[in-house]
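# Architecture at a glance
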Amino acid sequence: MPQPQRQLDSRIEIVTPENIAFHYILAGPFRRLPAYLIDCGIILGFLILAFIVLTMTTSFGGVGGLGIGLWLLLVFIVSWFYFGVFETLWNGQTPGKRMLGLRVLSENGQPINAMQAILRNVLRAVDGLPFWGAGGLGIPFYMCGLAAMAAGSRYQRLGDLACGTIVVVERRSRLRGVARIEHPDVVRMALQLPVSFTVSRGLAHALSVYVARRERIAPARRYEIARSLAEPLAARFSLPGDTNPDLLLCALYYRTFIADSSAGSTPLSPEREAQEMADAEVTLP
Amino acid sequence: MKVAQLLEKRRAGWAELETMCRTLESGGTRRLGPEGVLRFATAYRSACADLALADAYQLPPHTVQYLHDLVGRAHNQLYRSKMFRWRQWGHELFVEVPRRLLFDRTLWLATAVFWGIFFASMALGYSSRSYCEDTVGVDALASVEQSFATPPRGRDANTSGAMGGFYVFNNAGIGLRCFAGGLVLGVGGLLITISNAIQLGAIFGHMFTVEARDNFIEFVTAHGPFELTAIVFSSAAGMRLGFALVDTGGLSRIKSLQRAVYQAVPTMAMAVILFCLAAVIEGFISPSSLPYAAKAGVAVVSTILLLLYVFGLGWLGRPRRAV
């Protein structure tokens, strides 16, 4: 099903064949440059080491020229195919990309194949234009690649466009639990809230965003931010007008996310919940 | 059920998936073992289900973010890139590429442009020295002349080895840049082909006028067929990419380019193989003290092989029409 382009920032949605949608952050030029520099350092170090080893061993046998020849062959292979071979073998990553948590994927989220990996890196010869210095050893400035990245919406250089690949950030966030606010005032306030009031999804979202961030906001600003939501709520719950807005939102959060007021009801399995959700959606107009 | 309870219940499963991701990232599937792989798939599916229902569960935003990251990470471990498939590449190189070369007009365009301009430039270079100096450069011309001042009477194995490596590095590098340059504005390949043909033609034309003519001819004969054909192949592959941007056949330009990639890359792979063959000949046979007849023999054999490759294999693999 063709989807309208909804991407506003560098976050893209990938829908897998199992019909699961999840988000990736696209890697822009300034995330990719350090990974590229690390890889260049590795290549350079390897070639210098190989030069020393090859010339030393071959000149012992009196065939120093052969060592130079082998080394030049190695320069050719490594400088053109280092990236491509690693991206094939390591599932879209080179050592530099792995260190910085980047990965190359096809545009549809699938892993890349060998042909894509090799070609997107051979086309560095175009993306790298203009080169400072001659021949195969010039220093690339990547102006073409940068221009292509700036022109598109997904930070693709020409090699990426030709192969249909994107570079994403593989983030590793840590799981944080529900924010614990069990201050006695909050618990007392939560008991005052009417039982019949059910929190809508949008409100629940707003509450959890607010509570997750309130620690980092100064009390006066907290008060100011909370007031716009708390005042209509206080009026609706017929609470006194001088109720602390921050406290009210925390109490509502506590009741929605933490306190189990419906202690008697049996917890549902996720499948049953999902089933009931689906049923509810079918029956509702 | 409240979110706090739900999170407590799911936390163990997510942590397990995260641990298995870490194992897979560092050691591949072997370290996980068969049961581990099965458990991984189950844990991935249930994390996916949790993510799909995150909105319904009213999970806090940072938990949703965590799930997006976790599912993305596990997805990249579940689906892995395809390795090189040797048999498939053999089929590409010996069935698909010759057929494509024989029936693709870009190869014939590249051939015509390259050889036409090459001979024209050779004629000009033969007749006027100033033309050569303008196109190749005075210094470059002098260094070419100087390098053929003595007849190729055998290098020691040392120099041959070094030069063989250098020829692969230099010539195949030029070929790959020629191919990549084909992408520039659609006609980059054409421009690079023309410039290569002019330069080479001028050098050839000029070398026929100087004393060292025989040395030059003796040197270039043996590896000429492979090397010049490799240049033509890589130009053709580059042009295929570039022309896909110009003549899209009704597709969007990007899609048309992505389709052309699958035709151009195997051709380029063949060109790199030819460059390597040419480098071996150029390093070990061309400068050796073998009689000229032997070097000419190498040239004849390689020409026959190339003709068999393009016309023989190309004709065998021709698209069959249903009778």
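Residues numbered from 1 in each chain as written. Chains lettered and ligands numbered in written order. Predicted model: local features only at pLDDT ≥ 70, side-chain atom pairs only at ≥ 80, totals over all residues. Heavy atoms only, no water.

### Focus on the overall build of chain B
Rules: Put simply, DSSP marks the helices as runs of H or I at least four residues long and the strands as runs of E at least two long, and each gets a number from the N terminus on. Note on method: radius of gyration uses C-alpha positions; expected globular size equals 2.2 Å times residues raised to 0.38.
Scanning chain B from terminus to terminus reveals 13 helices and zero strands. Listed N to C, the secondary structure of chain B is α-α-α-α-α-α-α-α-α-α-α-α-α in terms of helices and strands. Relative to its length of 323 residues, chain B is extended, with a C-alpha radius of gyration of 29 Å against a globular reference of 20 Å. Summarising its shape, the C-alpha atoms of chain B cover approximately 95 × 50 × 50 Å along the three principal directions.

### What to know about the pairing of strand S2 (residues 21-26) of chain A
Residues and elements named next belong to chain A. For clarity, the threshold we go by: Any two strands between which DSSP finds at least two bridges are classified as paired.
In terms of strand pairing, strand S1 (residues 11-15) meets S2 through five bridges, oriented antiparallel. Residue pairing in the sheet places glutamate 13 in a bridge with histidine 23 of S2. The hairpin formed by S1 and S2 contains five residues between the paired strands, and asparagine 19 there has a positive phi angle of roughly 65 degrees. Two strands pair when backbone bridges link them, and S2 and strand S6 (residues 165-169) are joined in this way by two bridges, in the antiparallel orientation. Of the residues in S6, the one forming a bridge with isoleucine 25 is valine 169.

### Thoughts on the packing of aromatic side chains
Where we set the bar: Stacked, tilted and edge-to-face are the three classes applied to pairs of Phe, Tyr and Trp rings, where Trp contributes its six-membered ring and a pair requires centres within 6.5 Å; stacked means planes under 30 degrees apart, edge-to-face means over 60, and tilted covers the rest. When accessible area is computed with a 1.4 Å probe and restricted to protein chains, residues below 20% of their type maximum are described as buried, those above 50% as exposed, and intermediate ones as partly exposed. Note on geometry: a ring has a charge over it if NZ (lysine) or CZ (arginine) is within 6 Å of the ring centre and within 35 degrees of the ring normal.
A complete count under the given rule lists 22 aromatic pairs over all chains for this structure. Here Phe22(A) and Tyr24(A) contribute two aromatic rings whose centre-to-centre distance is 5.3 Å and whose plane-to-plane angle is 75 degrees, an arrangement assigned as edge-to-face. With a relative accessible area of 3%, Tyr24(A) lands in the buried category. Chaining the aromatic ring pairs together yields one cluster made of Phe114(B), Trp115(B), Phe118(B), Phe119(B), Phe204(B), Phe208(B) and Phe216(B). Directly above the aromatic system of Trp90(A) lies the positively charged group of Arg98(A), at a separation of 4.0 Å from the ring centroid. A cation sits over an aromatic face here: Arg124(A) above Phe83(A), 4.1 Å from the ring centre.

### As for the pattern of salt bridges
All names here are of chain A. Quick reminder of the rule: The working definition used for a salt bridge is a side-chain nitrogen of Lys or Arg within 4 Å of a carboxyl oxygen of Asp or Glu.
Under the counting rule described, the total for this entry stands at 24 salt bridges over all chains. Of the charged contacts in the structure, one is a salt bridge between arginine 103 and glutamate 170, with a shortest N-O distance of 2.7 Å. Taken together, the positions of arginine 103 in strand S3 (residues 102-106) and glutamate 170 in the loop between S6 and helix H8 (184-192) put the pair 67 residues apart, joining distant regions of the chain. Among the residues examined, arginine 103 registers a relative accessible area of 2% and is labelled buried. When salt bridges with common partners are traced through the structure, they connect Arg32, Glu87, Lys97, Arg120 and Asp160 into a single cluster.

### Regarding the confidence of the model for chain B
Residue and element names in this part refer to chain B. Threshold: Known as pLDDT, the predictor's confidence for each residue is given on a scale from 0 to 100.
For chain B, mean pLDDT is 82; residues scoring 70 or higher make up 96% of the total. Predicted confidence in chain B is weakest over helix H3 (residues 54-57), with a mean pLDDT of 74, and strongest over helix H6 (residues 105-127), with 87. Prediction confidence for the complex, expressed as pTM and ipTM, is 0.79 and 0.81 respectively.

### Here's the deal with the sheet that holds S6(A)
Note the cut-off: Convention adopted: a line fitted to C-alpha atoms gives each axis, helices being fitted over their contacting stretch, and angles between N-to-C directions are expressed from 0 to 180 degrees. Contacts are assigned to residue pairs with any non-hydrogen atoms lying within 4.5 Å of each other.
Pairing within the open sheet is antiparallel, and its four strands lie in the order S1-S2-S6-S3 (chain A). Where the open sheet ends on each side, the last strands, each with one partner, are S1 and S3 of chain A. The mean angle between the axes of side-by-side strands here comes to 55 degrees, regardless of whether they run parallel or antiparallel. Most of the contacts of helix H4 (residues 61-78) of chain B go to S2(A), to which it runs at about 90 degrees, and overall it touches S1, S2 and S3 of chain A.

### What to know about the side chain of Asp69(B)
Mapped onto the elements of the fold, Asp69(B) is located in helix H4. Ignoring sequence-local partners within four residues, the contact set of Asp69(B) consists of Arg171(A) and Ser173(A).

### Side note on H6(B)
All names here are of chain B. This is how it is decided: In this analysis, the expected span of each helix is defined as 1.5 Å times one less than the number of residues it contains.
The end-to-end C-alpha distance of H6 is 33 Å, a good match for the 33 Å that 23 residues give at a rise of 1.5 Å each. Taken residue by residue, H6 has Thr106, Leu107, Ala110, Val113, Phe114, Phe118, Ser121, Met122 and Gly125 as its buried positions. Looking at the buried positions of H6, the neighbouring elements they touch are helix H5 (86-103), helix H7 (129-136), helix H10 (188-207) and helix H11 (213-246).

### Looking at the packing of H7(B) against H10(B)
Residue and element names in this part refer to chain B. Just so we agree on the cut-off: When the near helix sits turned anticlockwise from the far one by under a right angle, the crossing is termed left-handed; a clockwise turn instead gives a right-handed crossing. For this scheme, ten residues count as nonpolar: Ala, Val, Leu, Ile, Met, Phe, Trp, Tyr, Cys and Pro. Four count as charged, namely Asp, Glu, Lys and Arg, and the remainder, Gly too, count as polar.
Their axes nearest at 9 Å, the elements H7 and H10 cross at an angle of 145 degrees. The chirality of how H7 crosses H10 is left-handed. Packed against H7, whose contacting residues are Arg129, Tyr131, Cys132, Thr135 and Val136, the element H10 presents Ile198, Gln199, Ala202, Ile203 and His206 at the interface. When the residues that make up the contact of H7 with H10 are grouped by side-chain class, the tally is six nonpolar, three polar and one charged.

### Here's the deal with the environment of Arg45(B)
Mapping Arg45(B) onto the fold places it in helix H2 (residues 29-52). Placed 29 residues apart in sequence, Arg45(B) and Ala74(B) show a C-alpha to C-alpha distance of 9.9 Å.

### Some points on helix H1 (residues 3-27) of chain B
For clarity, the cut-off: Bend, in this description, refers to the angle at a residue between axes fitted to the seven residues ending there and the seven starting there.
End to end, H1(B) covers 35 Å across 25 residues, agreeing with the expected 36 Å (1.5 Å per residue, within 8%). Along H1(B), the largest kink reaches about 40 degrees and is centred on Arg10(B).

### A short note on the nonpolar core
Convention followed: Take the buried Ala, Val, Leu, Ile, Met, Phe, Trp, Tyr and Cys residues and link them wherever side-chain atoms come within 4.5 Å; each set so joined is a nonpolar core.
Phe76(A), Leu176(B), Phe179(B), Phe233(B) and Leu241(B) are the most contacted members of the largest nonpolar core, which has 81 residues in total. At 14 residues, the largest contribution of residues to this core is made by H11(B). With residues up to four places along the chain from it excluded, the contact list for Phe179(B) reads Leu119(A), Val122(A), Ser234(B), Ala237(B), Gly238(B), Leu241(B), Ala264(B) and Met268(B).

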